[in-house]
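Listed below, chain by chain, are the residues.
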Amino acid sequence: MSEETRSEAIEHLSFWDKHRFLVLIAITIVVAVGLVAVSLVIYNMSGAAQLDLSRPGYKAVASQAQTNTAAFANYSATGPINEETIKEFQKLYDAQADSISAVDAFGGDPLNADTLEFGTTDTTTGVE
Amino acid sequence: MNIRSRRFTFGIVASSLVALLAVVFFAGSTLAADEPLTSEQKQRIQANCQSIKSTLNQLHVSDALLRVNRGQFYESLAGKLMDRFNGRLAANDIDAKSMVAITGSYRTALNTFRTDYQVYEHQLADALAIDCTKEAQAFHDSVEEARTKRSKVHQDVLRLNEYISDYKLAVNTFAESYGEVSTGDAE
């Protein structure tokens, strides 16, 4: 193909033919942004965000999350039922049940106006 | 008018009065909750804005940790102990209806706990996003709303603890009856 014919052929190419690669990149970026947006919505709506202690601001307590559930010794779902196996289960279960009942989770009233200092104490003037 | 119809009229009047008093009481408490802040209270919120937000932030973080640890515990209790014991009983053809029913209710309560915590967390995050130096009233209302939602989460925790105790009781009852049956068989 001569140089002249070639340049003539290029002139006849449409806009899309000329910018095919750029269009491909643009579409890829749009699809990626869309998928990221969808995944972020799912992340927030599903409750996964609340369990994610790697978020900024939560790293200080992330190490305190109990990742080891070894305390729950695996009680086998198969095997015979006799007094011994029942007692074994009772021992495992009672230990966990007692430990959970010992702490009053989400108790107290930390969001009370008085606790949060906009109740009765006047701190603006230092007078109570 | 005979005695019967008098009693009937008196009953209607008395119940109407009780209903009226109940309406007044609840309406009063609702009004009190929505009561606008006084200028002094607004000033106090604006003056303590930073320290209040700092406290709320700490609570936000510590509650998140509590949610993670509690959620994991509750999930493990159901998956590693309750379900397995129920399965073992079923595999041995032993009737475990009461324990299965409690496990079912426990799982429902666990789902409610998850949802209620999510709602509470969103509310607290919304409250933290409000600029309390400019919108003291909105901030106060938002914190009050979060307070109500947190107490709902607490109720869910109490309900879960109740189911844990109920399951323990059911297992103890089963163990006793099983012991009696096995002793009877031996004799």
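Residues numbered from 1 in each chain as written. Chains lettered and ligands numbered in written order. Predicted model: local features only at pLDDT ≥ 70, side-chain atom pairs only at ≥ 80, totals over all residues.

## Description of the overall build of chain B
Each helix and strand counted, chain B has five helices and zero strands in total. What you see in chain B, going N to C, is helices and strands ordered as α-α-α-α-α. Long-range pairs, those at least 24 residues apart, make up 76% of the contacts in chain B with a sequence separation of at least 6. (Helix = DSSP H or I, 4+ residues; strand = E, 2+ residues; numbered from the N terminus. Contact = placed C-beta atoms within 7 Å.)

## Here we look at the overall build of chain A
Scanning chain A from terminus to terminus reveals six helices and zero strands. Along chain A, from the amino end to the carboxyl end, the secondary structure elements read α-α-α-α-α-α. The buried share of chain A, taken over its 128 residues, is 7%. (Buried ≥ 20, exposed ≤ 12 C-beta atoms within 10 Å, placed from the backbone.)

## Remarks on the nonpolar core
Residues and elements named next belong to chain B. Among the nonpolar cores identified, the biggest contains 41 residues, and Met82, Tyr106, Leu110, Phe113, Leu160, Tyr163 and Tyr167 are the most heavily contacted of them. For this core, the element with the highest residue contribution is helix H5 (residues 136-186), accounting for twelve residues. Sequence-distant contacts of leucine 160, defined by excluding residues within four places in its chain, comprise Tyr74, Tyr106, Ala109, Leu110 and Phe113. (Core = buried A, V, L, I, M, F, W, Y, C linked by C-beta atoms within 7 Å.)

## Comments concerning the interface of chain A and chain B
Tallying the contact residues gives 43 residues for chain A and 54 residues for chain B. Those elements that provide at least two residues to the side of chain A that touches chain B are helix H4 (48-51) and helix H6 (83-101) of chain A. Looking at the side of chain A that touches chain B element by element, the count peaks at eleven residues for H6 of chain A. By residue class, the composition of the side of chain A that touches chain B is 22 nonpolar, 17 polar and four charged. (Nonpolar A, V, L, I, M, F, W, Y, C, P; charged D, E, K, R; others polar.)

## Details of the confidence of the model for chain B
All names here are of chain B. The predicted model of chain B averages 85 in pLDDT, with 78% of residues at 70 or higher. Averaged pLDDT values over the elements of chain B bottom out at 56 in helix H1 (residues 3-34) and peak at 95 in helix H4 (residues 97-129). Overall, residues 23-32 carries pLDDT values under 50, and its contacts beyond four positions in sequence, including any with other chains, amount to zero contacts. Here the complex is predicted with pTM 0.76, and the ipTM for its interfaces comes to 0.72. (pLDDT = per-residue confidence, 0-100.)

## Side note on the packing of helix H3 (residues 49-91) of chain B against H4 of chain B
Residues and elements named next belong to chain B. Between H3 and H4, whose axes approach to 11 Å, the crossing angle comes to 165 degrees. If you check the angle between H3 and H4, you find them roughly antiparallel. Handedness of the crossing formed by H3 with H4: left-handed. Listed contacts from H4 to Lys53, Leu56, Asn57, His60, Arg67, Gly71, Tyr74, Ala78, Met82, Asp83 and Asn86 of H3 are Met99, Val100, Thr103, Tyr106, Arg107, Leu110, Arg114, Tyr117, Leu124, Ala127 and Leu128. In terms of residue class, the contact of H3 with H4 is built from twelve nonpolar, five polar and five charged. (Axes fitted to C-alpha atoms, helices over the stretch in contact; angles between N-to-C directions. Parallel < 35°, antiparallel > 145°, perpendicular 65-115°, else oblique. Left-handed = near helix turned anticlockwise from the far one by under 90°.)

## Considerations on H3 of chain B
All names here are of chain B. Compared with the 63 Å implied by 1.5 Å per residue over 43 residues, the 60 Å span of H3 between its first and last C-alpha is a close match. Bending of H3 peaks at approximately 30 degrees at the position of alanine 78. Phi turns positive one or two residues past the end of H3, at aspartate 93, with a value near 60 degrees. (Expected span 1.5 Å × (residues − 1). Bend = angle between axes of the 7 residues up to and from the residue.)

## So, the environment of isoleucine 130 of chain B
Residues and elements named next belong to chain B. Tracing the backbone shows isoleucine 130 in the loop between H4 and H5. Sequence separation of isoleucine 130 and serine 142 is twelve residues, and the distance between their C-alpha atoms is 8.6 Å. Setting aside its immediate chain neighbours within four residues, isoleucine 130 contacts Glu135, Ala138, Phe139 and Ser142.

## Some details on the environment of alanine 170 of chain B
Residue and element names in this part refer to chain B. Inspection of the secondary structure assignment puts alanine 170 in helix H5. Assessed through the 18 C-beta atoms surrounding it within 10 Å, alanine 170 is described here as partly exposed. Each C-alpha atom, one on alanine 170 and one on tyrosine 120, is 33 Å from the other, the two residues being 50 residues apart in sequence. Residues within four places of alanine 170 in sequence aside, it is in contact with Ser98, Met99 and Ile102.

## So, unusual backbone geometry
Positive phi values are uncommon outside glycine, yet phenylalanine 106 of chain A reaches one of about 60 degrees. Tracing the sequence through the fold places phenylalanine 106 of chain A in the segment after H6. Using a count of 23 C-beta atoms within 10 Å as the deciding quantity, one classes phenylalanine 106 of chain A as buried. With a phi close to 60 degrees, aspartate 93 of chain B is a non-glycine residue in the positive phi region. Here aspartate 93 of chain B is to be found in the loop between H3 and H4. Look at aspartate 93 of chain B and you get exposed, because 7 C-beta atoms sit within 10 Å.

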